[in-house]
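# A structural walkthrough
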Amino acid sequence: MKGRGFDFLDGDWHVHNRRLADFLDPGSGWTEFEGHTTGRLFWDGRAHVDEIVFPSMGFSGLTLRLYEPETGEWTLNWSSSRTGRLDPPVRGRFAEDGTGTFQGTDTYEGRPVRVRFHWSGIGRDAARWEQAFAPADGGGEEGWVTNWVMEFSRP
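As the structure is a computational prediction, the values presented were derived from the model and not from experiment.

With that out of the way, let us pick up the layout of surface pockets. Of the pockets and cavities examined, the largest pocket occupies roughly 750 Å³. What lines the largest pocket is a set of 33 residues, among which F23, W78, D87, Q131 and W148 lie closest to the centre. Of the residues contributing to the lining of the largest pocket, the split by class is 19 nonpolar, 7 polar and 7 charged.

Quick look at the pattern of salt bridges now. Counted according to the given criterion, the structure contains 8 salt bridges. A salt bridge links R18 to E32; the nearest nitrogen and oxygen atoms lie 4.0 Å apart. Here the residue R18 occupies a position in strand 1 (residues 11-20), and E32 occupies one in strand 2 (residues 30-42), the gap between them amounting to 14 residues. Judged by its relative accessible area of 29%, R18 falls in the partly exposed class. One salt bridge in this structure joins R128 and E130, with 2.7 Å as the shortest N-O distance. Among the residues examined, R128 registers a relative accessible area of 27% and is labelled partly exposed. When salt bridges that share partners are traced, they join E68, E73 and R91 into one network.

So, on to the pairing of strand 2. Of the strand pairs in this sheet, strand 1 and strand 2 are connected by 10 bridges, and their pairing is antiparallel. Along strand 2, the bridge assignment pairs V15 with G35. As paired strands, strand 2 and strand 3 (residues 47-54) are joined by 7 bridges and run antiparallel to one another. Counted as the bridge partner of T38 is E51 from strand 3. Where strand 2 folds back onto strand 3 in an antiparallel hairpin, the turn is made up of 4 residues, including W43, whose phi is positive at roughly 50°.

Before going further, it helps to examine the packing of aromatic side chains. Across all of its chains, the model carries 21 aromatic pairs by this definition. Aromatic side chains F33 and F54 sit 5.5 Å apart centroid to centroid with 80° between the ring planes, which places their arrangement in the edge-to-face category. Of this pair, F33 sits in strand 2 while F54 sits in strand 3; the two residues are 21 residues apart in sequence, bridging distant segments of the chain. The class of F33 is buried, set by a relative accessible area of 3%. Ring centres of F54 and F59 lie 4.8 Å apart, and the angle between their planes is 45°; on these two criteria the pair is classed as tilted. Each member of the pair, F54 as well as F59, is classed as buried. One aromatic cluster is present, formed by F6, F8, W13, Y67, W74, F94, F102, W119 and F152 through successive ring pairs. The ring of W148 carries the charged tip of R19 above its face, separated from the ring centre by 5.0 Å.

Relative to the assigned elements, S120 resides in strand 8 (residues 111-120). The buried category is assigned to S120, whose relative accessible area is 17%. For S120, the contacting residues outside a window of four places in its chain are T99, A127 and R128.

In terms of burial, strand 8 is largely enclosed, as 7 of its 10 residues are buried. Between strand 7 (residues 100-108) and strand 8, which pair antiparallel and follow one another directly, the connecting turn spans 2 residues, one of which, E109, has a positive phi of 50°. Following strand 8, the chain reverses through 5 residues before pairing antiparallel with strand 9 (residues 126-135); G121 in that reversal takes a positive phi of roughly 55°.

Criteria and thresholds
- Residues numbered from 1 in each chain as written.
- Predicted model: local features only at pLDDT ≥ 70, side-chain atom pairs only at ≥ 80, totals over all residues.
- Heavy atoms only, no water.
- 1 Å grid on protein atoms, 1.4 Å probe; cavity = no way out; pocket = protein on both sides within 12 Å on 5 of 7 lines; lining within 4 Å.
- Points joined across faces, edges and corners; volume = space filled by probe spheres on them.
- Nonpolar A, V, L, I, M, F, W, Y, C, P; charged D, E, K, R; others polar.
- Salt bridge = Lys/Arg side-chain N within 4 Å of Asp/Glu carboxyl O.
- Helix = DSSP H or I, 4+ residues; strand = E, 2+ residues; numbered from the N terminus.
- Buried < 20%, exposed > 50% of the residue type's maximum accessible area, 1.4 Å probe, protein only.
- Pairing = 2+ DSSP bridges.
- Phe/Tyr/Trp six-rings, centres within 6.5 Å; stacked < 30°, edge-to-face > 60°.
- Lys NZ or Arg CZ within 6 Å of the ring centre and 35° of its normal.
- Contact = heavy atoms within 4.5 Å.

Below is the structure:
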């Protein structure tokens, strides 16, 4: 495993969130809210689980991150307390510069979408996560809408 994967995310974090009202409409307006998360490593750092709680929004989520030695990639698996189901995973890896990009497919309001998570600014006391969606029928880098940004800081 190159680098240490999600070791940085272990422990307690404060999370400032900015989220679009409509995940595919960049003009739909942003909502800002606070959250907190607690993560734990397993399997010598090859697995990470966290719970994130959004008190003012009335829901929480769980993420299971698993490293696959055969591919050198991580799968990131999310579940929300609102649905109780595991969403399709995103898959990817960390680059030499320490950023991580993970992609997959899902649906949003009944429409197939491409999903991208991007981790950056990773340090001992800070990290940034961004989620972007693009219509599944769009090609290349066109059509991506960053729709949720989380700024992590240590409490």
